Amino acid sequence: MITKLAYDALINEVELTPKPGLVDRANSGSHNDMDIDTFYLSANAIKPFIEKFVECGNCFNDLREVGIECEKEMFKATNGVNTHKGMIFSLAVICGAIGSVGASCLETLQEEIKYICKDLVQKDLKNSKVAKTNGEVFYQKTNLAGIRGEASNGYPIVFQQALPFFIAKEEEHGENIALKMTLLFLMSKTDDSTLYARGGLEGLSFVKSEAKKLLHVDDISLLDNRLEKLDKIMTKKNLSAGGSADLLGLTWFLAKVNMI
C-alpha cells in the first residue's frame, strides 16, 4: 500500500494541470529537457525502491545508500534528466520513518523524521566546502537550509501547514482544486532552491508574491485561467517551483497514508 501511494503521489503531482512553470499534461513549463512522459519513466524507476526505503527504517546511512541506487535508476530511465532527485530524498526519509514507527500518528512520524535527519544540515551543508547541488549553493549564498532544513525539522511546512490546508480545501472544493491551491500555498511560503537556481532571490520573491495573490482569487472558477497566465509568465522568465511541487506530492502522500 505504501508503494502504491508513493507512486500515485508522483503521478498525481505531474498530472495536475495547469501548474505554473512546471511539467504537466498541457506543457513542459520552464523545463525544456523533459515532459510528462519523462516523469512517467522516472516514477516507474523509483517505484521498486519504495519498499526498500520502508525496510531501512530509521537508519539514515542505509536510506542514503538505497537513495543513491534509486537516483541512478532514475537517471538511467530519463537519459540523465533530473526529474525527481529531491523527491527521492524526501520519500526515502519519510518512508524510512513509516517503516520504523508506522503512519497512524503523524506527530510520532514527524518526530521520527527529525531523528533520522538530526545531523543532516551540519554534515551536508555546514561542513561542506564545495557546493555540488542547488541546495548546497542555496545554503552558501543565503544561509537557508532548503529541503535539508525542512527534513531536519520534520517537514513543518507539510505537517503543520500544507497538510491541514489541503484537507480543509479538499472538503470545500474537492481534491483537484485543493491540490492546485495547496501548490500555490507552498509556492507562497517555500524558500525553493530550484527557484533560486533559476531566478535568484528576485525570482523567488516574485513567485512567492504572485502565488499569494492567486490564493485569494474571489471566484474559484477563474483559478485555472489565472494559473495558465502565471504559467506563461514563469515559463518566459524560466522559473520553476520544483521544490514546492515535491512538497505538494508529499502532502498528498501523507494525507492518504494517514487514512490507512
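Computed from a prediction, not measured in an experiment: that's the story for all the values here.

A. Expanded view of the overall build of the protein chain. The helix and strand inventory of the protein chain stands at 14 helices and zero strands. When the helices and strands of the protein chain are read in sequence order from the N terminus, they spell out α-α-α-α-α-α-α-α-α-α-α-α-α-α. Relative to the 2.2 N^0.38 estimate, which gives 18 Å for 260 residues, the radius of gyration of the protein chain is 17 Å and therefore close to what a compact globule would have. Counting only C-alpha atoms and orienting by the principal axes, one finds that the protein chain spans roughly 45 × 40 × 30 Å. Expressed as a percentage of contacts within the protein chain between residues at least 6 apart in sequence, the contacts between residues at least 24 apart total 69%. Counting only carbon and sulfur atoms, one obtains 48% of the accessible surface of the protein chain, whose full area is about 11900 Å².

B. Expanded view of the layout of surface pockets. The calculated volume of the second largest pocket comes to roughly 190 Å³. Together, Asn58, Phe60, Asn61, Arg64, Tyr115, Ile116, Cys117, Lys118, Asp119, Leu120, Lys123 and Asp124 line the second largest pocket. Those elements giving two or more residues to the lining of the second largest pocket turn out to be helix H4 (60–77), helix H6 (106–116) and helix H7 (120–126). Considered class by class, the residues forming the lining of the second largest pocket number five nonpolar, two polar and five charged.

C. Here's a closer look at the state of the cysteines. This model, assessed by the stated rule, comprises zero disulfides. Left without a disulfide partner, Cys95 is nearest to the cysteine sulfur of Cys70, which lies 10 Å away. Residue classification places Cys95 among the buried positions, given a relative accessible area of 0%. The structure places no disulfide on Cys117, whose sulfur is separated from the nearest cysteine sulfur, that of Cys59, by 12 Å.

D. A look at the packing of helix H10 (residues 156–173) against helix H11 (residues 175–189). Running from N to C, H10 and H11 cross one another at 150 degrees; their axes reach a closest spacing of 8 Å. Classed by the angle they form, the pair H10 and H11 counts as roughly antiparallel. As H10 packs across H11, the resulting crossing turns out to be right-handed. Along its contact with H10, which presents Ile157, Gln161, Ala162, Phe165, Phe166, Lys169, Glu170 and His173, the element H11 presents Glu175, Ile177, Ala178, Leu179, Met181, Thr182, Phe185, Leu186 and Lys189. Across the contact of H10 with H11, the residue classes tally to ten nonpolar, three polar and four charged.

E. Layout of helix H13 (residues 223–236). Look at H13: 20 Å from first C-alpha to last across 14 residues, which is about the 20 Å you get at 1.5 Å a residue. Among the residues of H13, Leu223, Leu227, Leu230, Asp231 and Met234 are the ones counted as buried. Relative to the axis of H13, the buried residues are bounded by an arc of 115 degrees and lie together on one face. Exposed and facing more than 90 degrees away from the buried side of H13 are Lys232 and Lys236. Check the buried side of H13 and you find it contacts H11 and helix H12 (193–215). Backbone geometry just downstream of H13 places Asn238 in the positive-phi region, at approximately 60 degrees.

F. Structural view of helix H5 (residues 85–101). The end-to-end C-alpha distance of H5 is 25 Å, a good match for the 24 Å that 17 residues give at a rise of 1.5 Å each. H5 sits mainly inside the fold: twelve of its 17 residues count as buried. Met87, Ile88, Phe89, Ser90, Leu91, Ala92, Val93, Ile94, Cys95, Gly96, Ala97 and Ile98 are the residues of H5 that are buried. Once H5 ends, the next one or two residues include Gly102, with phi positive near 80 degrees.

G. Highlighting unusual backbone geometry. Following Thr17, the chain continues to Pro18 via a peptide bond in cis, the omega torsion being 0 degrees. Inspection of the secondary structure assignment puts Pro18 in the loop between helix H1 (2–15) and helix H2 (36–46). We note that Asn79 has phi near 55 degrees; this positive angle belongs to a residue other than glycine. Counting through the fold element by element, Asn79 comes out in the loop between H4 and H5.

Scoring rules and cut-offs
- Residues numbered from 1 in each chain as written.
- Predicted model: local features only at pLDDT ≥ 70, side-chain atom pairs only at ≥ 80, totals over all residues.
- Heavy atoms only, no water.
- Helix = DSSP H or I, 4+ residues; strand = E, 2+ residues; numbered from the N terminus.
- Rg over C-alpha atoms; globule rule 2.2 N^0.38 Å.
- Contact = heavy atoms within 4.5 Å.
- Areas by Shrake-Rupley, 256 points an atom, 1.4 Å probe, with all protein chains shown as cover.
- 1 Å grid on protein atoms, 1.4 Å probe; cavity = no way out; pocket = protein on both sides within 12 Å on 5 of 7 lines; lining within 4 Å.
- Points joined across faces, edges and corners; volume = space filled by probe spheres on them.
- Nonpolar A, V, L, I, M, F, W, Y, C, P; charged D, E, K, R; others polar.
- Disulfide = S-S within 2.5 Å.
- Buried < 20%, exposed > 50% of the residue type's maximum accessible area, 1.4 Å probe, protein only.
- Axes fitted to C-alpha atoms, helices over the stretch in contact; angles between N-to-C directions.
- Parallel < 35°, antiparallel > 145°, perpendicular 65-115°, else oblique.
- Left-handed = near helix turned anticlockwise from the far one by under 90°.
- Expected span 1.5 Å × (residues − 1).
- Arc of directions from axis to C-beta.

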